[in-house]
Amino acid sequence: MRKPIKFVTKWLIAPVTLVFIGLFVFLMFIRYPEPITTYQLATAVPSQQPQVFKTNEIPASSEPYLFPVGEIPETLPLTINHEGTEYSTTELIEETGTHALVILRDGVITYEYYAEGWDEQRQQNVMSVGKTMLSMAVGQLIDRGLVQESASIIEYLPQFADNPGMEDVTIKHLLDMQSCIDIPEEYPPGPEGWFTPVAQLFATTDVEYVLENNIGFACQPGSEEYEYRSANSQLLGMIFKNVTGSSLSEFFANNVWEPIGANHDASWAIDSEGGYEKGFCCFNASARDLALIGSVFLESGKVAYGPNQGETVLSENWFGRMTTPAGVWFGGYGSETFGAGMWHKPKEQLVSQGYRGQFIWINPYTDTVIVKLSDDFSDYYEQTVTMLDQISFGN
């Protein structure tokens with residue numbers, strides 16, 4: 001009996017161990033997590049990612065807003081008319097992988113839906129919605145005179161001075177996706193997509209290393225051949241340590257999450273302990289608290305509800321900056337209406353949106369904020385936008 005066991009150990013277990021060790025060393029060399037975490041990050045959907053990432057915690061407000069809930073829940077329209085075709089609202093919600101759908105009107109929750117296994121406390125990675133959180137924090141740096149929009153990023157991140165062309169990139173370029181940094185926004189399915197530069201930023205244990213080794217330029221910063229690139233936001237998120245001495249998460253917690261009256265903890269994914277936040281994405285929060293973020297834009301940058309009502313979160317200047325499109329075009333999703341981490345829709349509506357169906361939809365005409373959190377693998381993006389628009393107007 002011992003001989004077969006030795007045979008299995010020698011010819012099966014030992015080679016598998018060597019492969020695992022080799023993979024571990026390779027992943028360390030390219031600044032990825034150990035194999036199990038790397039696999040989890042490569043396969044996890046946004047709803048699963050908060051449990052996989054290393055994160056910096058953002059504590060709930062010490063003075064949370066106590067959400068009133070409407071006595072009679074709002075009834076959603078049975079169908080949505082998109083370009084002349086009727087779509088079942090219930091089916092759209094289900095087929096777009098919706099986990100949470102919250103409607104806040106005048107500070108009152110009029111509709112709240114959670115899929116099985118979800119509740120008001122659960123965090124979701126909201127992907128590029130995090131760019132809006134980042135812009136809110138950057139605006140406070142600018143208002144305090146700690147950062148100038150016209151200044152070169154090298155003034156705040158001198159470690160990138162050896163990357164040719166970076167001296168011409170300004171804070172404004174990064175905010176409006178005008179840097180011309182050529183790190184493609186590509187998400188190929190399967191293993192092919194695990195090692196694209198933007199996927200490396202998502203998974204890496206060293207965002208600085210990934211940027212230093214991938215930054216190149218497709219055009220002169222500020223020219224007319226710009227592209228939407230998450231690397232812009234990642235660079236912005238890295239300035240906080242040098243400028244304030246604290247992390248992006250700590251700054252955001254003290255200056256945004258606390259005053260708005262957030263009910264629950266949030267978190268921001270980091271590359272490593274004591275490292276940088278993944279500021280281009282990977283902000284994890286509950287639907288209700290994201291609705292409070294949206295409500296700041298209903299009150300011209302001030303806290304809309306609760307104990308801190310009227311406190312300034314965004315100055316008048318920065319509120320104007322975030323609610324005015326930059327007027328640039330980089331293709332897709334109405335990008336000419338993007339600026340400073342926010343998308344702009346007709347009728348002065350504002351949208352913060354992220355990969356796989358994350359939305360904060362803000363309608364100032366009806367004092368409405370809609371939050372939709374999803375694992376959306378459908379082809380119903382345009383129909384979803386129409387649905388949120390029509391619901392926001394009460395249609």
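Residues numbered from 1 in each chain as written. Predicted model: local features only at pLDDT ≥ 70, side-chain atom pairs only at ≥ 80, totals over all residues. Heavy atoms only, no water.

Engineer: Go over unusual backbone geometry with me, naming the residues and quoting the values.
Structural biologist: Non-glycine residue Met 177 carries a positive phi angle of around 60 degrees. Within the secondary structure, Met 177 is located in the loop between helix H5 (171-175) and helix H6 (197-203). The phi angle at Lys 347 is positive, at roughly 65 degrees, despite the residue not being glycine. Structurally, Lys 347 can be placed in the loop between strand E10 (342-345) and strand E11 (349-354). (Helix = DSSP H or I, 4+ residues; strand = E, 2+ residues; numbered from the N terminus.)

Engineer: Account for the side chain of Thr 384, with residues named and values stated.
Structural biologist: Of note, Thr 384 is situated in helix H13 (residues 381-392). Take Thr 384: its relative accessible area is 1%, and that puts it in the buried class. There is a polar contact of 2.7 Å between the side chain of Thr 384 and the backbone oxygen of Tyr 380. Residue contacts for Thr 384: discarding those within four places in its chain leaves Thr 96, Phe 359 and Lys 372. (Buried < 20%, exposed > 50% of the residue type's maximum accessible area, 1.4 Å probe, protein only. Polar contact = N/O pair within 3.5 Å; in protein donor to acceptor, adjacent residues only side chain to side chain. Contact = heavy atoms within 4.5 Å.)

Engineer: Requested: an account of the packing of helix H4 (residues 130-143) against helix H8 (residues 230-237), with residues and values cited.
Structural biologist: Contact geometry of H4 with H8 gives a least axis separation of 10 Å together with a crossing angle of 40 degrees. The orientation of H4 relative to H8 falls into the category oblique. Here H4 and H8 pass one another in a crossing that is left-handed. On H8, the residues that touch Lys 131, Leu 134 and Val 138 of H4 are Ser 230, Ser 233, Leu 236 and Gly 237. (Axes fitted to C-alpha atoms, helices over the stretch in contact; angles between N-to-C directions. Parallel < 35°, antiparallel > 145°, perpendicular 65-115°, else oblique. Left-handed = near helix turned anticlockwise from the far one by under 90°.)

Engineer: Now, about the packing of helix H10 (residues 248-260) against helix H11 (residues 287-296): what can you tell me, with residues and values included?
Structural biologist: Following both chains from N to C, one finds H10 and H11 inclined at 95 degrees, their axes separated by 9 Å at the closest point. As summarised for this structure, H10 and H11 are arranged roughly perpendicular, according to the angle between their axes. Here Phe 252, Val 256, Trp 257 and Ile 260 of H10 come into contact with H11, specifically with Asp 289, Leu 292, Ile 293 and Val 296. Split into classes, the residues belonging to the contact of H10 with H11 amount to seven nonpolar, no polar and one charged. (Nonpolar A, V, L, I, M, F, W, Y, C, P; charged D, E, K, R; others polar.)

Engineer: Any chance you could break down the sheet that holds strand E4 (residues 98-105) for me, citing the residues and the numbers?
Structural biologist: Taken in spatial order, the seven strands make up an open sheet running E5-E4-E13-E12-E11-E10-E9, and their pairing is antiparallel. The sheet is open, and its two edges are formed by strand E5 (108-114) and strand E9 (338-339), each paired on a single side. In terms of strand pairing, E10 meets E11 through three bridges, oriented antiparallel. Bridge pairing in E11 places Trp 343 opposite Val 351. Sheet strands touched by H13: E4, E10, E11, strand E12 (358-363) and strand E13 (368-374). Its angle to E12, the strand with the most contacts, is close to 35 degrees. (Pairing = 2+ DSSP bridges.)

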